[in-house]
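Below, each chain spelled out in residue letters.
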Amino acid sequence: TLFRSATATINGSIANVGAQLRYQDQILAKVGADAKRITVTKSGVANIVEVLNNPLEGDDRQSLIPLQKAEGKFLLIVGKDDKNWKSEFLANTAAKILLEHGRKAPEIIIYPGAGHYIEPPYFPMCAVSMHSLVGMPVMWGGEPRGHALAQEGAWQKIQEFFQKHLNENRLQSKI
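Residues numbered from 1 in each chain as written. Predicted model: local features only at pLDDT ≥ 70, side-chain atom pairs only at ≥ 80, totals over all residues. Heavy atoms only, no water.

This paragraph deals with the pattern of salt bridges. Following the criterion strictly, the structure yields three salt bridges and no others. Close ionic contact of K83 with D81 constitutes a salt bridge, the shortest N to O distance being 2.8 Å. Take D81: its relative accessible area is 24%, and that puts it in the partly exposed class. (Salt bridge = Lys/Arg side-chain N within 4 Å of Asp/Glu carboxyl O. Buried < 20%, exposed > 50% of the residue type's maximum accessible area, 1.4 Å probe, protein only.)

So, about helix α1 (residues 87-100). Relative to the 20 Å expected for 14 residues at 1.5 Å per residue, α1 spans 20 Å between its end C-alpha atoms, a close match to the ideal helical length. Of all the positions in α1, only S87, L90, A91, T93, A94, A95, I97 and L98 are classed as buried. With its phi angle positive at about 75 degrees, G102 sits one or two positions after the end of α1. (Helix = DSSP H or I, 4+ residues; strand = E, 2+ residues; numbered from the N terminus. Expected span 1.5 Å × (residues − 1).)

Checked against the element boundaries, V17 lands in the loop between β1 (6-10) and β2 (21-23). A C-alpha to C-alpha distance of 5.6 Å links V17 and V31, two positions 14 residues apart in sequence. Ignoring sequence-local partners within four residues, the contact set of V17 consists of K30, V31, L52 and W85. (Contact = heavy atoms within 4.5 Å.)

What follows is the structure, given as structure tokens:
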């Protein structure tokens, strides 16, 4: 049988961020971070978008996930107002890495007004919540209307993407 592979990410990172991550026999280093770059609002909510180091610089290159070795197609969903990390930069960098290695560019969809947690349609927007690694509430970005539109649009695009790349010559998906 023909094996097909497809990956959809929502505000994904191209670097190992928090947990131990293994690729084949290698453990990827974690990207560096500087807590001094956290800004805190008057109400005590942290903005952490500037905390992580650039994974393309210095020792932080050791944290890069070797996505160019992955098989299959990529769909990268981006919330333009992500306050967790620089998702648009990371998605564009992923495309550049793939192209530099002779791979096809991923499909990138950027949703204005959307934050980090783009969940299925009609889930309430999570603007702020406790972050276990930071130890305080953090903002995730987004505004209600743009975020809701992103949830609806992303859900549809992800289903279409998987239908196209995983279900060719098969029965219709029940998703």
